Amino acid sequence: PFQRDNLKWKELGFQKSDPIQDFKNCGLLPLHTMTYFCHNYTSQSHSMISAQKENKKSNYPFAIVCINITLL
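It should be emphasised that the depicted structure is a prediction, and the values quoted were computed from it without experimental measurement.

Some points on the packing of aromatic side chains
- Applying the stated criterion to the full structure yields five aromatic pairs.
- Consider the rings of Phe-2 and Trp-9, whose centres lie 6.1 Å apart with planes at 75°: the pair is edge-to-face.
- Judged by relative accessible area, Phe-2 falls into the exposed class, the value being 67%.

See the structure below:
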């Protein structure tokens, strides 16, 4: 079941266990772009999320990168 405050959010690349914390300064546009990307490019998004889990040395958290790219 859905839980807003859960450590599993960090597996997707959010910085905190509550993803709202990462969206608080940027609004909902990054969420919409992330949803669009994951829906339309499913295999690519799955491979990016898997790669971030495996590569701890140069870890680029998926969610935070999506948020930052949208803000750019």
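So, the packing of helix α3 (residues 29-40) against helix α5 (residues 62-71)
- One way to put it is that α3 packs onto α5 with a least axis distance of 9 Å and a crossing angle of 120°. Read as a crossing pair, α3 and α5 show a hand that is right-handed. In contact with Leu-29, Pro-30, Thr-33, Met-34, Phe-37 and Cys-38 of α3, α5 contributes Phe-62, Ala-63, Cys-66, Ile-67 and Thr-70.
- Here the contact of α3 with α5 is composed, by residue class, of nine nonpolar, two polar and no charged.

Focus: the environment of Phe-37
- Tracing the backbone through its elements, the reader meets Phe-37 in helix α3.
- Along the chain, Phe-37 and Cys-66 lie 29 residues apart, while their C-alpha atoms are 9.3 Å from each other.
- With residues near it in sequence (within four places) discarded, Phe-37 still touches Thr-42, Gln-44, Ser-45, Met-48 and Phe-62.

Here we look at the side chain of Asp-18
- Within the element layout of this structure, Asp-18 appears in the loop between α1 (8-11) and α2 (20-23).
- In this structure Asp-18 comes out as buried when scored by relative accessible area, which is 12%.
- Engagement of the side chain of Asp-18 in a polar contact is seen with the side chain of Arg-4, the distance being 3.0 Å.

Scoring rules and cut-offs
Residues numbered from 1 in each chain as written. Predicted model: local features only at pLDDT ≥ 70, side-chain atom pairs only at ≥ 80, totals over all residues. Heavy atoms only, no water. Phe/Tyr/Trp six-rings, centres within 6.5 Å; stacked < 30°, edge-to-face > 60°. Buried < 20%, exposed > 50% of the residue type's maximum accessible area, 1.4 Å probe, protein only. Axes fitted to C-alpha atoms, helices over the stretch in contact; angles between N-to-C directions. Helix = DSSP H or I, 4+ residues; strand = E, 2+ residues; numbered from the N terminus. Left-handed = near helix turned anticlockwise from the far one by under 90°. Contact = heavy atoms within 4.5 Å. Nonpolar A, V, L, I, M, F, W, Y, C, P; charged D, E, K, R; others polar. Polar contact = N/O pair within 3.5 Å; in protein donor to acceptor, adjacent residues only side chain to side chain.

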